[in-house]
2 protein chains.
Amino acid sequence: MKMDIKKEIELIAAQAKAAAGKLAAAPTDLKNKALLAMADALVKEQKRILKENDKDMAAARKNGTSQAMLDRLLLTDARIDSMAVGLRQVAALPDPVGEVISGHQAPNGLRINKLRVPLGVIGIIYEARPNVTADAAGLCLKTGNAVILRGGSEAIRSNLAIAGVLANAAETAGLPKHSVQLLETTDRQAVDILLRLNDFIDVIIPRGGAGLIKKVVENSSVPVIETGVGVCHTFVDESANLAMASDIAFNAKVSRPAVCNAMETLLVHEKVAEDFLPGMLKRLQEAEVEIFGCGKTCSLYGEAKAATEEDWACEYADLKLAVKVVGSLPEALAHIERYGSRHSEAIVTENYSNSQQFLQKVDAAAVYVNASTRFTDGFEFGFGAEIGISTQKLHARGPMGLPELTSVKYVISGNGQIR
Amino acid sequence: MKMDIKKEIELIAAQAKAAAGKLAAAPTDLKNKALLAMADALVKEQKRILKENDKDMAAARKNGTSQAMLDRLLLTDARIDSMAVGLRQVAALPDPVGEVISGHQAPNGLRINKLRVPLGVIGIIYEARPNVTADAAGLCLKTGNAVILRGGSEAIRSNLAIAGVLANAAETAGLPKHSVQLLETTDRQAVDILLRLNDFIDVIIPRGGAGLIKKVVENSSVPVIETGVGVCHTFVDESANLAMASDIAFNAKVSRPAVCNAMETLLVHEKVAEDFLPGMLKRLQEAEVEIFGCGKTCSLYGEAKAATEEDWACEYADLKLAVKVVGSLPEALAHIERYGSRHSEAIVTENYSNSQQFLQKVDAAAVYVNASTRFTDGFEFGFGAEIGISTQKLHARGPMGLPELTSVKYVISGNGQIR
């Protein structure tokens, strides 16, 4: 371990902790003023940010980066404007900090109130998209948290430019220095160090692919909120309205295949497979979806390729779909239990008992009857913002809005009570 | 790594997960029936449990175990009765599972409800006191969770007897097999294995000393709720009612020194130190409290020993107290920030601004004005039960009752909505 990196990261974390102590007391007005100033600054510094992004793009092209990845990395006037709009939207949301969640007077006269307070210092480790830099900073600041950002090395110039603009605007507006910090180093050790700084960092939120999330979960001693891997299923029950099922499945797969709430596997009850699958799969294939099917699926639809064990567990995040015919609802439930990532699962059915059984038995953040899994999203759920979608059960589950970036504190007022 | 242990632990965890799937759907009536049956069984099997405890006690004495530890290990008729009473109390508490925490209809007609559900499988790693076996099992079952218990090796025979009685009673009452399991092995590797079983275990709760908790936090990839280390302070402000301060400090130190909400360091404003400290320290010393003071404290009270740096950070859990004279409220806050464990902190003051500043600035699970830190407790807070006191900020903070043993699930009912 190079000592200079360790010292550098520890210094950043200590600075973040100092900032967090002051940020926790920052009034809502001040935080909102800073968020609006940050939005204005992004627009004002658009050219400079785009110039840095050009350098990232050139380097990525030189490295033979895929088109999909290049698209994620790319910034445009419109994308920077949209970051600014996001910050203004966060400014307009209610501030959860300070809310009295519950409170009562104990028999001995003690007043015990449970208050919402910031988490403290939040570490965000993410990949590719430079817009996360602005989104995450905005959400963390609004909730009174200091944030340490660690983006992907491919976006380092863009992220440094954005974070620099944001940090400067926040400080000028009156927020503590070091409220927003981005790690300048792209050394991989930096993440390992960050993950062990329990004395300074209260929570780590990884945002990215399965590999990044696994690495963070396995190596962090700082509490982690696991986000985002989505192996989501849609089960078409024997009683389903098949036209509705087709629209739901098509939407779940095709509307935005790269996101975590997109469907990856379609399960179909054998009693409707023959009626449903050929038309459904043709519709999907016409939308350029590649089909990987079980034996029955392949026999019903000749253009399907044979699915392997890997297909059932795969988050394609692409125009690819695994398809399986199952004999019963319990078989569908068992498949979801085995291969699902506990993100979002849907049943299409007209049968009341089956709908209730599915809602009860599926262990996932969001469970749907007769709707597309694509709705698992902070904005769609009405939170006005989203920092990610938790697939763990501790602290937060499903889309995380502002309250999920807070903790609580018991405030107890007495007049001499002893026990 | 011995493969047989790894397989053994994985089997237990897989069994727990299977049980959890069924337990999540268990109606409250059934869970309560099982809890009452478990209480009855403990009383019925009292003699057998005491006999196993005798063996633990004999082995511990032979190993030269301290008197304090022997007292923790000891079971008596009264202590077993009190475990049974605890289980009956848990049966009488409201079941948090199934509660609709929030819900609304989205503009597109989707009904989005947020339901309280069990966490799933909870691992409890604890030391010494065999009563934790019954307490933890009862709280986990009431909230529909399967539990894997791992007690200390010194209490293995007592724990096996208690867990055997409980598991048998629960199953006979109709709960799934493997709802309650205790690790039979005392091999230290077992804990290391448990801490990495993310596919089966949803949360690990360590209960015990600082060493155990540190080990779990540093090595677990399963989400952890950190509990219990309490380096709690009482700050006597210059405006304090000194008689009240004396009673609060005495209570916080002496009423039960071994618990985590006991005071470990007394901070006194220099303007009242001369008036307050000699009498206070005499009173404490008469109750057999050993005093470790800063320079000023030692000069005001000759019988105090000089405190070292270690004293300020020490959770004595004993009749020992560190005492420091500070020049101001900010100095007291800085001391607490540096040495406190974020558990419980108190100020004694008659000054409004100082009380508000203390409540706002101290970063701890429970912050008090004019009351003893000893109130940080699930029963005192009115929860009716307690699984531990969280000193982290994620998921739960402060005393954890039944709701803290649950997660949430979004249940979404549609009629064909797509995005």
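Residues numbered from 1 in each chain as written. Chains lettered and ligands numbered in written order. Predicted model: local features only at pLDDT ≥ 70, side-chain atom pairs only at ≥ 80, totals over all residues. Heavy atoms only, no water.

## Some words on the interface of chain B and chain A
Reasoning step 1: Contacts between the two partners involve 70 residues from chain B and, on the opposite side, 71 residues from chain A.
Reasoning step 2: Buried surface at the junction of chain B and chain A, both sides included, amounts to about 5400 Å², of which 54% is carbon and sulfur.
Reasoning step 3: Considering only the surface of chain B that becomes buried against chain A, B:L394, B:Y410 and B:R419 emerge as the three largest contributors, covering 16% of it.
Reasoning step 4: Residue A:K114 pairs with B:E404 through a salt bridge whose shortest N-O separation is 3.9 Å.
Reasoning step 5: For the pair chain B and chain A, the number of links is 38 residue pairs in polar contact (both at pLDDT 80 or more).
Reasoning step 6: At the level of elements, β2 (111-118), α9 (210-219), α10 (242-254), α15 (352-361), β13 (366-371), β15 (398-400) and β16 (406-417) of chain B are the ones that each hand at least two residues to the side of chain B that touches chain A.
Reasoning step 7: It is β16(B) that provides the largest number of residues to the side of chain B that touches chain A, a total of 11 residues. (Contact = heavy atoms within 4.5 Å. Buried area = accessible area lost by both parts, 1.4 Å probe. Salt bridge = Lys/Arg side-chain N within 4 Å of Asp/Glu carboxyl O. Polar contact = N/O pair within 3.5 Å; in protein donor to acceptor, adjacent residues only side chain to side chain. Helix = DSSP H or I, 4+ residues; strand = E, 2+ residues; numbered from the N terminus.)

## A look at the pattern of salt bridges
Residue and element names in this part refer to chain A.
Reasoning step 1: For the coordinates displayed, the defined rule picks out 51 salt bridges over all chains.
Reasoning step 2: Linking D40 and R88 is a salt bridge whose minimum nitrogen-to-oxygen distance equals 3.0 Å. Taken together, the residues span a long stretch of sequence, with D40 in helix α2 (residues 28-44) and R88 in helix α5 (residues 77-92) at a distance of 48 residues.
Reasoning step 3: Between R397 and D363 there is a salt bridge, with the nearest N and O atoms lying 2.8 Å from each other. In this pair, R397 is assigned in the loop between β14 (388-390) and β15 (398-400) and D363 in the loop between α15 (352-361) and β13 (366-371), connecting sequence segments 34 residues apart.
Reasoning step 4: Given the relative accessible area of 3%, R397 is considered buried. (Buried < 20%, exposed > 50% of the residue type's maximum accessible area, 1.4 Å probe, protein only.)

## Quick look at the pairing of β13(A)
Reasoning step 1: With respect to burial, β13(A) is a largely interior element, six of its six residues being buried.
Reasoning step 2: Sheet topology note: the strand β12 (residues 344-348) of chain A/β13(A) ladder contains four bridges and is parallel. In the sheet register, A:A346 faces β13(A), and the bridge partner there is A:Y368.
Reasoning step 3: Between the parallel pair β12(A) and β13(A), the chain is carried across by α15(A), and the sense of this crossover is right-handed.
Reasoning step 4: Where β13(A) and β16(B) come together, five bridges link them in parallel fashion. Along β16(B), the bridge assignment pairs A:Y368 with B:I412. (Pairing = 2+ DSSP bridges. Right-handed = clockwise from strand over helix to strand, strands pointing away.)

## A look at the side chain of B:N145
All names here are of chain B.
Reasoning step 1: Within the fold, N145 resides in the loop between α6 (131-142) and β4 (146-150).
Reasoning step 2: Residue classification places N145 among the buried residues on the basis of a relative accessible area of 0%.
Reasoning step 3: In this structure the side chain of N145 is engaged in a polar contact, spanning 2.9 Å, whose partner is the side chain of T143.
Reasoning step 4: Within the structure, the side chain of N145 is placed 2.9 Å from the backbone oxygen of L405, a separation counted as a polar contact.
Reasoning step 5: If we skip the residues at most four places from it in the chain, N145 touches L23, P118, L119, G120, I122, C140, S179 and L405.

## Structural notes on the sheet that holds strand β8 (residues 263-269) of chain A
Reasoning step 1: What the 10 strands build is an open sheet, ordered β10(A)-β9(A)-β11(A)-β8(A)-β7(A)-β12(A)-β13(A)-β16(B)-β2(B)-β1(B); its pairing is mixed. Every interior strand has two partners, whereas the edge strands, β10 (305-306) of chain A together with β1 (100-105) of chain B, have only one.
Reasoning step 2: The sheet contacts of helix α10 (residues 242-254) of chain A involve β7 (232-236), β8, β11 (320-326), β12 and β13 of chain A together with β16 of chain B, and relative to β8(A) the element is tilted by about 160°.
Reasoning step 3: Strands β7, β8, β9 (290-293) and β11 of chain A of the sheet are contacted by helix α11 (residues 270-286) of chain A, whose axis makes an angle of about 145° with β8(A). (Axes fitted to C-alpha atoms, helices over the stretch in contact; angles between N-to-C directions.)

## Some thoughts on the relation of the copies chain B and chain A
Reasoning step 1: Rotating chain B by 180° and translating it 0.0 Å along the rotation axis places it on chain A, where the RMSD comes to 0.0 Å. In symmetry terms, the pair is related by a two-fold rotation axis. Considering only C-alpha atoms, the part of chain B nearest the rotation axis is B:H395, at 1.8 Å. (Least-squares fit on C-alpha atoms with pLDDT ≥ 70 in both.)

## Points about the nonpolar core
One recurring pattern in soluble globular proteins is that nonpolar side chains are buried together.
Reasoning step 1: Formed by 79 residues in total, the largest nonpolar core has its most connected members in A:M38, A:L42, A:I124, A:I148 and A:I201.
Reasoning step 2: It is helix α1 (residues 3-23) of chain A that provides the largest number of residues to this core, a total of eight residues.
Reasoning step 3: Discounting residues that sit within four places of it in the chain, A:L42 has contacts with A:I49, A:I80, A:M83, A:A84, A:L87, A:A134, A:I162, A:V165 and A:L166.
Reasoning step 4: Formed by 78 residues, the second largest nonpolar core is a distinct cluster that contains B:L23, B:I49, B:I124 and B:V222. (Core = buried A, V, L, I, M, F, W, Y, C linked by side-chain atoms within 4.5 Å.)

## As for the environment of A:N415
Reasoning step 1: Topologically, A:N415 is positioned in strand β16 (residues 406-417).
Reasoning step 2: Residues A:N415 and A:R111, spaced 304 residues apart in sequence, show a C-alpha to C-alpha distance of 9.7 Å.
Reasoning step 3: Among all residues touching A:N415, those that are not within four sequence positions of it are B:M244 and B:N370.

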